[in-house]
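# Structural features, examined
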Number of protein chains: 2
Amino acid sequence: METFFSFLERRVDDSSSLLCVGLDPYIPDLKEATAASALDFCLDLVKQTAPYAAAFKPNAAFFELFGADGWAALKKLILAIQKESDRIGSRIPIILDAKRGDIASTTEAYAQSAFEYLGVDGITLSPYLGKDSIEPFIHDQEKGVFLLCKTSNPGSGDFQDLIINTGAGTAPDSFAAIKGRPQGMPLRLYEYVAYLAQHWNIKNNIGLVVGATHLDALASIRAVTPDMWFLSPGVGAQGGELELALRMGLRKDRRGMLINVSRGISRAESPAKAAAELRDEIIGIRRKLKQ
Amino acid sequence: METFFSFLERRVDDSSSLLCVGLDPYIPDLKEATAASALDFCLDLVKQTAPYAAAFKPNAAFFELFGADGWAALKKLILAIQKESDRIGSRIPIILDAKRGDIASTTEAYAQSAFEYLGVDGITLSPYLGKDSIEPFIHDQEKGVFLLCKTSNPGSGDFQDLIINTGAGTAPDSFAAIKGRPQGMPLRLYEYVAYLAQHWNIKNNIGLVVGATHLDALASIRAVTPDMWFLSPGVGAQGGELELALRMGLRKDRRGMLINVSRGISRAESPAKAAAELRDEIIGIRRKLKQ
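Described in the following lines is the structure provided in the data block. Keep in mind that what you see is a predicted model, and the values were worked out from it rather than measured.

## Remarks on the overall build of chain A
Along its length, chain A carries 12 helices and 10 strands. Taken over C-alpha atoms, the radius of gyration comes to 18 Å for chain A, in line with the 19 Å a tight globule of 291 residues would show. Each of the three principal axes of chain A carries a C-alpha extent, and together these read 55 × 50 × 40 Å. By the burial criterion, 64% of the 291 residues in chain A qualify as buried. Once local pairs closer than 6 in sequence are excluded, the contacts in chain A between residues at least 24 apart make up 72%. Carbon and sulfur atoms provide 48% of the accessible area of chain A, an area that totals close to 10,800 Å². Put simply, chain A has 33 plus and 35 minus side-chain charges, and the middle of one group is 5 Å from the middle of the other.

Set out below in structure tokens:
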């Protein structure tokens, strides 16, 4: 049976693309501040960019904003992406950007909402509540999660950059995950999240969110987790540089990194052209790195 | 103008209660697995427990599960609580348990969803993304947030208990928040979250989620933040002991702690009686602590 990441890799190869098209119907970009307008905005983007998209990533916040109508629109959008996948003959993974995380039966309800009600393939989650908050999302190897690790925003340093004291005997079971790390080498919280995520990734369905705006973090997280997939926002509007980010973040097989672009595509005169160009730019950089 | 916590304190005094009634329409507890049944379940709870509730806390997950219908039900529930408040002549704060957290314009969309579309008074947030992910929620001093600090679930130790190295020059601006902490005293991540939250709490609208299941954490976080409000789940179903939790967590004025109970009330033969008894038990403990 397929895992989430073998499914993603098939699509990556089918489309020769590492581009994740973010579907963020930001109100100032819409014709009207309505759920219907948000849906139209996204449907147009899907239609224009599907051939170049390794994945689509709708962000729940921009739908939730419209309440019940927004959730109905999100459900319709997901069905439309699945239909578009059928049309082009290559299934495109849908990752819900939701950054959820809760305890016990509550986190199960969120998993049910994402995977059963909405029917997405993957979801972003916050790691702060620990492993039991993630488990209901990773039971099924065909469904995947991307754990927030080092996010692209300016405030990401407030907690994620903190240096962890590994000698003090806290969380003793978990420190098994950092075995092999050179003694005395500072361990940042985001690196520890990466180590633990890798330790938990026994079904090949856990990845990490690592902002393309933080080149040092990309490099150090790649060093810690040579095989994991990253979902990397921040190229374009947030100022991340594509080539440098790919150099730091790609795996040795020059895969392992989804470059998420939202407004850099949706605000272009032709989103189709912008997505095609980004896809091709990434192909060019990957080719260069092969040499 | 009132702040979120002066509003909450007024209700606490009006009701002589520190009880937060959790509205978690967990499917196995419903007549049918429908949004309408979830709404009925919650409306009955609200009606029965309003006189004893210092606050109500619906959890978004159990509504999101039903998609658009669930969000419509959640909106109706909030209107019904507001109507019930009017009926009893004392406004009861509504805290949406959502544990959200995202970047920039996305986190603004979540704030708009909670405070404008749904019209709740407060919300729970994850701290992992840092201050800028929280800012849109705290602009308006009448709206409040509870940041996840030390959660009640077994996995909470995976990251929250990590010991932070404060001597290494990371996050230098932020370490201003721990000024006065004795040198060499280990600082856990959850304590640092508490310090920073207190540092950011200039409008009296930031509180902390601290599970009643962790007595040591309650005591150490209270030591760090003598004046902040805690939202404390875990009494009852999760095994937290009420009296010990209150001893560790109450402020000197014997307020500062909302005891959240969900299934311990909803599954009781008479939720009204269960809520009244819990309210009275808390009154008794607070009286004892005065002596």
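## With respect to the state of the cysteines
All names here are of chain B. Using the criterion set out here, one finds 0 disulfides over all chains in the structure. Its sulfur unpaired, C42 is 13 Å from the next cysteine sulfur, which belongs to C20. For C149, which is in no disulfide, the shortest distance to another cysteine sulfur is to C20 and amounts to 17 Å.

## Points about the side chain of A:E191
All names here are of chain A. Position of E191 among the secondary structure elements: in helix α8 (residues 189-200). At a separation of 3.4 Å, a polar atom in the side chain of E191 contacts the side chain of R181. At a separation of 3.3 Å, a polar atom in the side chain of E191 contacts the side chain of S220. Apart from residues lying up to four places away in sequence, E191 is in contact with R181, P186, S220 and V224.

## Concerning the sheet that holds strand β10 (residues 257-261) of chain B
Residue and element names in this part refer to chain B. Judged by pairing direction, the sheet is parallel, and its 8 strands sit side by side in the order β2-β1-β10-β9-β8-β5-β4-β3 without closing on themselves. Each edge of the open sheet is held by one strand with a lone partner, namely β2 (55-58) and β3 (95-100). Taken over all neighbouring pairs, the strand axes of this sheet differ in orientation by 30 degrees on average, direction set aside. The sheet strands contacting helix α10 (residues 242-249) are β9 (230-232) and β10, and the helix crosses β10 at an angle near 155 degrees.

## Describing the environment of A:L215
Residue and element names in this part refer to chain A. Relative to the helices and strands, L215 is located in helix α9 (residues 215-224). In this structure, the C-alpha to C-alpha distance between L215 and I265, residues 50 residues apart in sequence, is 22 Å. Apart from the residues lying within four places of it in its own chain, the contact partners of L215 are L244, A245 and M248.

## Quick look at the interface of chain B and chain A
On the chain A side, the residues contacting the 65 residues of chain B number 65 residues. A buried area of about 5,200 Å², summed over both sides, lies between chain B and chain A, and 63% of it is on carbon and sulfur atoms. The interface formed by chain B and chain A includes 4 salt bridges. B:D102 is the salt-bridge partner of A:K99, the closest N and O atoms lying 2.9 Å from each other. There are 29 residue pairs in polar contact (both at pLDDT 80 or more) connecting chain B and chain A. Elements with a minimum of two residues in the side of chain B that touches chain A: α3 (61-64), α4 (67-88), β3, α5 (104-118), β5 (144-150), α7 (157-160), β6 (163-164) and α8 (189-200) of chain B. Considering each element in turn, the side of chain B that touches chain A owes the most residues, 7 residues, to α5(B). Among the residues forming the side of chain B that touches chain A, the class breakdown is 34 nonpolar, 20 polar and 11 charged.

## Comments concerning the pattern of salt bridges
Residue and element names in this part refer to chain A. What the rule picks out here adds up to 42 salt bridges over all chains. The partner of E277 in a salt bridge is K273, with the nearest N and O atoms 3.5 Å apart. Here K273 and E277 lie together in helix α12 (residues 271-290), a separation of 4 residues that amounts to about one turn. The partly exposed category is assigned to E277, whose relative accessible area is 45%. Here the salt bridges share partners, and the residues they tie into one network are E9, D13, R251, D253 and R255.

## Comments concerning the relation of the copies chain B and chain A
Overlaying chain B on chain A yields an RMSD of 0.0 Å, the required transformation being a rotation through 180 degrees with an accompanying axial translation of 0.0 Å. Expressed as an axis order, the relation between the two copies is that of a two-fold axis. It is B:A68 whose C-alpha, among those of chain B, lies nearest the rotation axis, at 2.1 Å. Looking at chain B, 100% of its interface residues are interface residues in chain A too, so the copies touch through the same face.

## Regarding the nonpolar core
A:L208, A:L258, B:L208 and B:L258 are the most contacted members of the largest nonpolar core, which has 212 residues in total. Contacts of B:L258, omitting those with residues within four sequence positions, involve B:L8, B:L18, B:C20, B:A54, B:A55, B:I95, B:F146, B:W229, B:F230, B:L231 and B:S232.

## Notes on the packing of α4(B) against α5(B)
Residue and element names in this part refer to chain B. Interaxial distance between α4 and α5 falls to 10 Å at its minimum, and their mutual angle equals 55 degrees. Relative to α5, α4 is oriented oblique. Contact with α4, carried on its side by W71, L74, K75 and I78, involves S113, Y117 and L118 of α5 and no other residues of that element. Across the contact of α4 with α5, the residue classes tally to 5 nonpolar, 1 polar and 1 charged.

About the cut-offs
- Residues numbered from 1 in each chain as written.
- Chains lettered and ligands numbered in written order.
- Predicted model: local features only at pLDDT ≥ 70, side-chain atom pairs only at ≥ 80, totals over all residues.
- Heavy atoms only, no water.
- Helix = DSSP H or I, 4+ residues; strand = E, 2+ residues; numbered from the N terminus.
- Rg over C-alpha atoms; globule rule 2.2 N^0.38 Å.
- Buried < 20%, exposed > 50% of the residue type's maximum accessible area, 1.4 Å probe, protein only.
- Contact = heavy atoms within 4.5 Å.
- Areas by Shrake-Rupley, 256 points an atom, 1.4 Å probe, with all protein chains shown as cover.
- Lys, Arg positive; Asp, Glu negative; His and termini not counted.
- Charge placed at Lys NZ, Arg CZ, Asp CG, Glu CD.
- Disulfide = S-S within 2.5 Å.
- Polar contact = N/O pair within 3.5 Å; in protein donor to acceptor, adjacent residues only side chain to side chain.
- Pairing = 2+ DSSP bridges.
- Axes fitted to C-alpha atoms, helices over the stretch in contact; angles between N-to-C directions.
- Buried area = accessible area lost by both parts, 1.4 Å probe.
- Salt bridge = Lys/Arg side-chain N within 4 Å of Asp/Glu carboxyl O.
- Nonpolar A, V, L, I, M, F, W, Y, C, P; charged D, E, K, R; others polar.
- Least-squares fit on C-alpha atoms with pLDDT ≥ 70 in both.
- Core = buried A, V, L, I, M, F, W, Y, C linked by side-chain atoms within 4.5 Å.
- Parallel < 35°, antiparallel > 145°, perpendicular 65-115°, else oblique.

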